[in-house]
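Results of the structural survey
Each chain, letter by letter, is given below.
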Amino acid sequence: MLFKDVLVEESLKRQLINLVKENRISHAQLFLGPPGSHKFALAVAYAQYLCCENRGDDDSCGVCPSCVQFSKLSHPDFHLIFPNCVTKKVKKDPDYKQFTSEFIDFILQQDYQIDLNDWNALLGGENKQTFINARDCSNIIAQNSIRSYSGGYKIYLLWMVEKLYPSAAPKLLKTLEEPENKTLFILIAENSDNILPTILSRTQLVKIPVLNKDTIQSQLAKKYNISEEMAADIAEIADGNYINAQKIYQDNGELKEMLRQFHFFMDSSIANINNDLEKVKFIELLDLFNTIISQEREGQKSFIRYMIRMFRNILLLNTNNSALIKATTDEKKVIQLCSPYIRLQNISSIMEACNQAIYHIERNGNSSLIFTDLYLKITDYLKTKK
Ligand SMILES: [Zn+2]
């Protein structure tokens, strides 16, 4: 990973490059950044720069043997430590070493934009917690006394240090505090509140800010070769999280379909309160519910969550907070159309009806009744618009 391909501000890269140039390298650093920021890539770029045999002023050379090994994440002095758990393959006593090749494949496939939930799902450990456990810490300590292969730095990158098992941490503290010569620890985390204070106090903080909309937009346009307009739309609703943005792009067809369904739902509901019976299209509405219900429960719930997001945006429009609206260009048109009907006076009842519907779906209620009931309730609340 080269610095030039990392999606963070230039000043942050420069700060790390200067640490190396001025030989002010801290032996334990914490790269802290929100989900969907490029912190993992930044940490690897930093490690690669440290080990590069022909460092430039701004970046690693990309071609020396060390850089080539880094491009495959197979440098012998670069150790990846990450949460793991018992799986079908490893039935007991798991440790990170047993999953290293899967983890490297995962990183490369995800373009260094990795997320713990995705990793857990891949391990097959759904509903299970993954941890950096005591065996992992023992491995690090055992390796720490061995000299590096290249004679240069030995680097340990601990991903999601929030997942360091509390009883395993004390093992690591002494090593973090007094590592062997030329050993570095790079810790990566998303939420400092969940990191043990004893770990936090032993590291130098490198704070990675949330990605801005423009960066997400240009990256999406470049990677997927999509129009600037579409990239802007996705960046708008991705909440500064590039992993989110990619998922939205991949599910874009679904997003459009949910907008169409929402629009139909609201048109029918509004026609209903205006007594415009021809436009209520009740039979078509029931067909639409059947389409939604034919999905798994998760799909049904995501449609209702989509409604909640749209209602929230409509309220923002009506309370002069348009700058806070997160919506695509097409969504904004529908938000505008529905805006006369959503007010502070009825929004909480509408939200509650949506949340109730999600609750009933989770409790295996009759989905057909749940959606019809939700429609009738929302229609009723829309009447109390003034
Ligand atoms: Zn190099």
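Small disclaimer: the values here were computed from a predicted structure and weren't measured. (Residues numbered from 1 in each chain as written. Predicted model: local features only at pLDDT ≥ 70, side-chain atom pairs only at ≥ 80, totals over all residues. Heavy atoms only, no water.)

If you walk through the whole model with that rule in mind, you get one cavity of 30 Å³ or more. By volume, the largest cavity is sized at about 40 Å³. Every residue lining the largest cavity is listed: Ser-37, Lys-39, Phe-40, Tyr-112, Gln-113, Ile-114, Trp-159 and Glu-190. Taken together, the residues of the lining of the largest cavity sort by class into four nonpolar, two polar and two charged. (1 Å grid on protein atoms, 1.4 Å probe; cavity = no way out; pocket = protein on both sides within 12 Å on 5 of 7 lines; lining within 4 Å. Points joined across faces, edges and corners; volume = space filled by probe spheres on them. Nonpolar A, V, L, I, M, F, W, Y, C, P; charged D, E, K, R; others polar.)

In this structure, Cys-52 (SG), Cys-61 (SG), Cys-64 (SG) and Cys-67 (SG) serve as the protein donors to the zinc ion, at separations of 2.3 to 2.4 Å. Here the donor residues for the zinc ion map to a single chain with the spacing C-x8-C-x2-C-x2-C. Take Cys-64: its relative accessible area is 8%, and that puts it in the buried class. (Donors = N, O, S within 2.8 Å, 3.2 Å for Na, K, Ca; no water. Buried < 20%, exposed > 50% of the residue type's maximum accessible area, 1.4 Å probe, protein only.)

Below, the discussion takes up the sheet that holds strand E5 (residues 204-207). What the five strands build is an open sheet, ordered E2-E3-E4-E1-E5; its pairing is parallel. Looking at which strands have only one partner, the edges of the open sheet turn out to be strand E2 (78-81) and E5. Each neighbouring strand pair of the sheet contributes to a mean axis angle of 20°, computed without reference to strand direction. Bridge analysis of E2 against strand E3 (residues 154-159) gives four bridges, and the strand direction is parallel. Bridging across to E3, His-79 finds its partner in Tyr-156. (Pairing = 2+ DSSP bridges. Helix = DSSP H or I, 4+ residues; strand = E, 2+ residues; numbered from the N terminus. Axes fitted to C-alpha atoms, helices over the stretch in contact; angles between N-to-C directions.)

The next point concerns the packing of helix H12 (residues 252-273) against helix H14 (residues 282-293). Relative orientation of the contacting elements H12 and H14 amounts to 145°, with a least axis distance of 11 Å. Remark: the crossing between H12 and H14 carries left-handed chirality. Contacts between H12 and H14 involve Gln-261, Phe-264, Phe-265 and Ser-268 on the former and, on the latter, Glu-284, Leu-285, Leu-288, Phe-289, Thr-291 and Ile-292. Counted by class, the contact of H12 with H14 contains six nonpolar, three polar and one charged residues. (Left-handed = near helix turned anticlockwise from the far one by under 90°. Contact = heavy atoms within 4.5 Å.)

So, on to the pattern of salt bridges. Scanning the entire structure with this criterion turns up 22 salt bridges. Note that Lys-326 is salt-bridged to Asp-239, the shortest N-O span being 2.7 Å. Highlighted residues: Lys-326 in the loop between helix H15 (297-318) and helix H16 (329-338) and Asp-239 in the loop between helix H10 (228-237) and helix H11 (242-250), separated in sequence by 87 residues. On the accessibility criterion, Lys-326 (36% relative accessible area) is partly exposed. Several salt bridges share partner residues, and in doing so they unite Glu-298, Lys-301, Arg-305 and Glu-362 into one network. (Salt bridge = Lys/Arg side-chain N within 4 Å of Asp/Glu carboxyl O.)

On to the environment of Glu-236, then. If you trace the backbone, Glu-236 turns up in helix H10. By relative accessible area, Glu-236 is classed as buried at 16%. Remark: the alpha-carbon pair of Glu-236 and Thr-328, spanning 92 residues in sequence, is separated by 6.8 Å. The contacts of Glu-236, once residues within four sequence positions are left out, are Lys-213, Ile-325, Lys-326, Ala-327 and Lys-332.

Here we come to the packing of helix H6 (residues 134-144) against helix H7 (residues 169-177). At a minimum axis distance of 9 Å, the contact between H6 and H7 shows a crossing angle of 25°. One element, H6, and the other, H7, form an angle in the roughly parallel class. In this structure, the crossing between H6 and H7 has a hand that is left-handed. When H6 is examined against H7, the residues Ala-134, Cys-137, Ser-138, Ile-140, Ile-141 and Asn-144 are found in contact with a partner set consisting of Lys-171, Leu-172 and Thr-175. Split by residue class, the contact of H6 with H7 holds five nonpolar, three polar and one charged. (Parallel < 35°, antiparallel > 145°, perpendicular 65-115°, else oblique.)

What follows deals with the domain arrangement of the protein chain. Domain boundaries assigned for the protein chain yield domain 1 (3-210), domain 2 (215-248) and domain 3 (252-383). Placing the centre of domain 1 and that of domain 2 at their C-alpha centroids yields a distance of 27 Å. Each side of the interface is counted separately: domain 1 has nine residues, and domain 2 has 10 residues. Taken as a group, Leu-7, Gly-36 and Gln-113 account for 53% of the area that domain 1 buries against domain 2, more than any other trio of residues on that side. On inspection of domain 1 and its partner domain 2, the count reaches two salt bridges. For Asp-118, the salt bridge identified is with Lys-247, shortest N-O distance 3.2 Å. Taken together, the links from domain 1 to domain 2 amount to four residue pairs in polar contact (both at pLDDT 80 or more). Looking at the side of domain 1 that touches domain 2 residue by residue, the class counts come to four nonpolar, two polar and three charged. (Domains from an automatic or database assignment. Buried area = accessible area lost by both parts, 1.4 Å probe. Polar contact = N/O pair within 3.5 Å; in protein donor to acceptor, adjacent residues only side chain to side chain.)

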